[in-house]
Amino acid sequence: MTPLHRNNAQRLILALDQGTSSSRAVAFNHRGEVLAMAQRPTTQHFPQPGWVEHDALEIWQTQLSVAQDVMDQLGTSHTVVALGITNQRETTVLWHRKTGQPIHPALVWQDRRTAAECDRLRSEGYADMIQAKTGLVLDAYFSASKIAWLLDHIPNARAMAEAGELAFGTVDSWLLWNLTQSASDSQPHLAVHATDVSNASRTMLWNIHTGDWDEALLALFRIPRALLPEVRPSSGAFGHALPLGGIPIMGMAGDQQAAAFGQACWQPGMVKNTYGTGCFLLCNTGQQAIASQHQLLSSTAWQLSQPELSPRQYCLEGSVFMGGAIIQWLRDGLGIIEQAQEVEALATGVADNGGVMLVPAFTGLGAPYWDASARGTLLGLTRGSHKGHIARAALEGIAHQVCDVLSAMNADLSAQSGTEILELRVDGGASQNNLLLQTQANLLQIPVVRPQITETTALGVAYLAGLAVGFWASQSELAQFWQVERRFEPEPGSGAWRRQERERWAIAIEKSRGWA
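What counts and what doesn't
- Residues numbered from 1 in each chain as written.
- Predicted model: local features only at pLDDT ≥ 70, side-chain atom pairs only at ≥ 80, totals over all residues.
- Heavy atoms only, no water.
- Helix = DSSP H or I, 4+ residues; strand = E, 2+ residues; numbered from the N terminus.
- Rg over C-alpha atoms; globule rule 2.2 N^0.38 Å.
- Buried < 20%, exposed > 50% of the residue type's maximum accessible area, 1.4 Å probe, protein only.
- Contact = heavy atoms within 4.5 Å.
- Lys, Arg positive; Asp, Glu negative; His and termini not counted.
- Charge placed at Lys NZ, Arg CZ, Asp CG, Glu CD.
- Pairing = 2+ DSSP bridges.
- Axes fitted to C-alpha atoms, helices over the stretch in contact; angles between N-to-C directions.
- Salt bridge = Lys/Arg side-chain N within 4 Å of Asp/Glu carboxyl O.
- Core = buried A, V, L, I, M, F, W, Y, C linked by side-chain atoms within 4.5 Å.
- Polar contact = N/O pair within 3.5 Å; in protein donor to acceptor, adjacent residues only side chain to side chain.
- pLDDT = per-residue confidence, 0-100.
- Left-handed = near helix turned anticlockwise from the far one by under 90°.
- Nonpolar A, V, L, I, M, F, W, Y, C, P; charged D, E, K, R; others polar.
- Expected span 1.5 Å × (residues − 1).

*Asks:* So what's going on with the overall build of the protein chain? Which residues, and what values?
*Replies:* A tally of regular secondary structure across the protein chain gives 16 helices and 23 strands. Expected size for 516 residues packed as a compact globule is a radius of gyration near 24 Å; at 23 Å, the protein chain falls within 12% of this value. Each principal axis of the C-alpha distribution contributes one length, and for the protein chain these read about 75 × 60 × 45 Å. Evaluated residue by residue, the protein chain yields a buried proportion of 59% over its 516 residues. For the protein chain, restricting intrachain contacts to residue pairs at least 6 apart in sequence, the fraction spanning at least 24 positions comes to 74%. Here the protein chain holds 36 positive side-chain charges and 47 negative ones, and the gap between their average locations is 2 Å.

Structure follows, in structure tokens:
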């Protein structure tokens, strides 16, 4: 494709960022700066304990609405040359190909209704085979068991799926279908049913080594291949956004992979952590899919251009279930702060944690433990303990969990490639907390780096879309836009404190496990 005139300041890239709690649209200029943004909340539904659902039509309507809001803000003085889609991963939608209507509410990545079925498959010895093919731990988190549940519980769904009448997609595929669907009932064939390699690798049905849907896994979960989308590179043509004036859709990636791309984590050993409700750490492992020996996940990170020109890139991932959510609990559960940003001032009001330690295992422990029976644990209280100590222990609890995952990543990397993690790049809401990031640097004993632009999820998919149309010539050109806002170095003398606190943390983790 002929490169665009990149000095034309009126040309923009539009990113659609569909998350668990909201739909956003963000317009970026050539320097990666935000020129316009709109956001609307989406509703989570909890029909039974452990069940989490979204209205797929609400997802589509809110996403279209914010995209149109941004286009209205831009007016006629700007030209959107490409669009990218990034999304909450694993969330599962089934819809009729003819009508485009969902057959059931979307099953969200947090939904646990298929946990017993995953336990059954594990007891029958399938976990190792699944992990070898997909890089994933056998768990209800991923899409495969969710699809199977829908086919088993919606009347006639399995027969319709086998007849090719239904389509499955994660949220990216669902948005793509609707964006490319003709308004004319006489041309339903225009809708594109596709996903990208990063989202496909989170379904637990896609073989990350062969780059294709895996027949053995489809048979195990009893899922007809006719249900599945075409898998394409993350940067390249996906169709045209017809409700938005036909903007070419040129990029697609799951939210965490998009954030890693936006953080310019393009070389093996580069790591980003998103401090959101949970924490998501991704480590680039290059063209090698590393089989973790420490219960981390191995996924496809992204793929640029055409397969013959650009090999798939891989990543190791570790998920922490309770990150910023622990600060929400201090506000809503304990009532010791009124606003989330007050936690830093409260925690800096004490010299240290006063011997208090908080393990935020409210919904179990994620990587590298994967212990659903663990529960939140507050230890070391004395009559001298007060809310400042608890606030500091909460921030340290987030940092300790990140340290656990990074230690596991370092062990996997050093064993298989000799690569060592040299710094941690951070984004997400809680990354604005300076005490948290300084604590993180002291516990990791490596620098923690916060960039100037922290809208890295939307920025990453904008980069993928822009590269595909020549808006940016190369990753080398993009590298100049990644600028450090603040670098947190380990404080002198913090090594001894780290050793003591990590030993106490290990004891606290053991006390939290097996409680439920």
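*Asks:* So what's going on with the sheet that holds strand S1 (residues 11–18)? Residues and values would help.
*Replies:* The strand order across the open sheet built from six strands is S3-S2-S1-S5-S14-S13, with neighbouring strands paired in mixed fashion. Looking along the sheet, the strands with just one partner apiece sit at the ends: strand S3 (34–41) and strand S13 (235–241). Neighbour-to-neighbour, the strand axes of this sheet turn through a mean angle of 25°, independent of strand direction. Alignment of S13 against strand S14 (residues 247–254), held across four bridges, turns out to be antiparallel.

*Asks:* Outline the sheet that holds strand S17 (residues 297–302), supporting the account with residue identities and numerical values.
*Replies:* Read from one edge of the open sheet, seven strands run S17-S18-S16-S15-S21-S22-S23, paired in mixed fashion. Of all strands in the sheet, those with a lone pairing partner are S17 and strand S23 (484–488), marking the two edges. For this sheet, the mean angle separating the axes of adjacent strands, direction not counted, is 30°. Across four bridges, the pairing between strand S15 (residues 271–275) and strand S21 (residues 424–427) is parallel. Bridge assignment links Asn273 to a residue of S21, and that residue is Val426. Packed onto the sheet, helix H9 (residues 255–262) meets S15, strand S16 (279–286), S17, strand S18 (313–320) and S21 and runs at close to 60° relative to S17.

*Asks:* Describe helix H4 (residues 143–153), listing the residues and the values that go with them.
*Replies:* Quick reminder: α-helices carry 3.6 residues per turn. Residues three or four places apart thus point the same way. Burial analysis of H4 places nine of its eleven residues in the buried class, which makes it a mostly covered element. Residues of H4 that are buried make contact with strand S6 (93–96), strand S7 (106–107), helix H2 (115–123), helix H5 (157–162), strand S8 (166–169) and helix H8 (215–221).

*Asks:* An account of the pattern of salt bridges is requested, with residue identities and associated values reported.
*Replies:* Per the stated rule, a full pass over the model turns up 31 salt bridges. Where Asp139 meets Arg112, a salt bridge forms, and the shortest distance between an N and an O atom there is 2.7 Å. Of the two residues, Asp139 sits in the loop between helix H3 (127–134) and H4 while Arg112 sits in the loop between S7 and H2, which places them 27 residues apart along the sequence. Here Arg112 falls in the partly exposed class, since its relative accessible area comes to 36%.

*Asks:* So what's going on with the pairing of S8? Which residues, and what values?
*Replies:* Residue alternation in S8 divides its side chains into two sets, Leu166 and Phe168 and Ala167 and Gly169, and both sets are buried. With four bridges connecting them, S6 and S8 associate as antiparallel partners. Opposite His96, over in S8, you have Leu166 as the bridge partner.

*Asks:* So, unusual backbone geometry: which residues are in play, and what are the values?
*Replies:* Generally, phi is negative for residues other than glycine and the peptide bonds are trans, each holding for most cases. Omega for the bond connecting Ala367 with Pro368 falls within 30 degrees of zero, at -5°, which places this linkage in the cis form. As for its placement among the helices and strands, Pro368 is situated in the loop between strand S19 (357–359) and strand S20 (377–379). A positive phi is found at Met204, a non-glycine position, where the angle reads about 70°. Tracing the chain through its elements places Met204 in the loop between helix H7 (197–200) and strand S10 (206–207). Of note in the backbone geometry, Ala264 takes a positive phi value of approximately 60° without being a glycine. Looking at the secondary structure, you find Ala264 in the loop between H9 and S15. Looking at Ala264, the relative accessible area reads 11%, which means it is buried.

*Asks:* How would you summarise the nonpolar core if you had to cite specific residues and measurements?
*Replies:* The biggest cluster of nonpolar side chains holds 91 residues, and the ones touching the most others in it are Leu205 and Tyr275. Top element by residues in this core is helix H12 (residues 387–416). It accounts for 14 residues. Here Leu205 is in contact with Thr134, Ala144, Ile147, Asp212, Trp213, Asp214, Leu217, Leu218, Phe221, Ile223 and Leu228, once residues within four sequence places are set aside. Membership of the second largest hydrophobic core comes to 37 residues, among which are Ala38, Ala56, Ala67 and Trp174.

*Asks:* Residues and numbers for the side chain of Asp196, please.
*Replies:* Mapped onto the secondary structure, Asp196 falls in strand S9 (residues 194–196). In this structure the side chain of Asp196 is engaged in a polar contact, spanning 2.9 Å, whose partner is the side chain of Asn199.

*Asks:* Outline the confidence of the model for the protein chain, listing residues and values.
*Replies:* With 96% of its residues at a pLDDT of at least 70, the protein chain reaches an overall mean of 90. Considering only residues more than four positions removed or in separate chains, one finds that residues 1–8, a stretch of pLDDT under 50, has 18 contacts.

*Asks:* Break down the packing of helix H1 (residues 56–74) against helix H6 (residues 171–180) for me, with residues and values.
*Replies:* For the pair H1 and H6, interaxial distance at closest approach is 10 Å and the crossing angle is 65°. The two elements H1 and H6 meet at a crossing, and its hand is right-handed. Contacts between H1 and H6 pair Ala56, Leu57, Ile59, Trp60 and Gln63 from the former with Val171, Trp174, Leu175, Asn178 and Leu179 from the latter. For the contact of H1 with H6, the per-class residue count stands at eight nonpolar, two polar and no charged.

*Asks:* Let's hear about H1: which residues, and what values?
*Replies:* Compared with an ideal rise of 1.5 Å per residue, which puts 19 residues at 27 Å, H1 spans 27 Å between its outermost C-alpha atoms and is within 8% of the ideal. Taken together, the buried positions of H1 are occupied by Ala56, Glu58, Ile59, Trp60, Thr62, Gln63, Leu64, Ser65, Val66, Ala67, Val70 and Leu74. With a side-chain oxygen positioned 2.9 Å from the backbone nitrogen of Leu57, the residue opening H1 is Asp55.

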